[in-house]
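Each chain, written out:
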Amino acid sequence: MNRYLVEISAMMVVDSEYSCDDVAVGIAARIEEIAQSNAHLLDYEILPFEMPEPYEPPHQRGESGASIA
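The rules behind these values
- Residues numbered from 1 in each chain as written.
- Predicted model: local features only at pLDDT ≥ 70, side-chain atom pairs only at ≥ 80, totals over all residues.
- Heavy atoms only, no water.
- Patch = residues over 30% accessible without salt bridge, like charges linked within 9 Å, V, L, I, M, F, W, Y side chains within 5 Å.
- Areas by Shrake-Rupley, 256 points an atom, 1.4 Å probe, with all protein chains shown as cover.
- Salt bridge = Lys/Arg side-chain N within 4 Å of Asp/Glu carboxyl O.
- Buried < 20%, exposed > 50% of the residue type's maximum accessible area, 1.4 Å probe, protein only.
- Helix = DSSP H or I, 4+ residues; strand = E, 2+ residues; numbered from the N terminus.
- Contact = heavy atoms within 4.5 Å.

Peer 1: Tell me what's going on with a nonpolar patch on the surface, and back it up with residues and numbers.
Peer 2: On the surface, Tyr4, Val6 and Ile8 cluster together into a nonpolar patch covering about 410 Å² of accessible area. When its relative accessible area of 61% is taken as the criterion, valine 6 is described as exposed.

See the structure below:
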């Protein structure tokens, strides 16, 4: 059996009805599942930040920055 060290980095927008902390806990649980066990998980950090306004991709905004309906 081969053994590898894998480094993962990601930033994502999560739309959820749950709190910021609950979302972080859920993502941590998924990372632990991928690692097969906590013994295989060497280190990780999850830093959830609340977004100040709903996310809107730049291509959906007009030149003035106003939303395109």
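After that view of the structure, there is still more to cover.
Peer 1: Hey, could you go over the environment of valine 14 for me, with residue numbers and the actual values?
Peer 2: For valine 14, the location among the structural elements is in the segment before helix H1 (20-34). Residues valine 14 and methionine 51, 37 residues apart in the sequence, show an inter-C-alpha distance of 9.8 Å. Those residues within four positions of valine 14 in sequence are excluded, and the remaining contacts are Val23 and Ile27.

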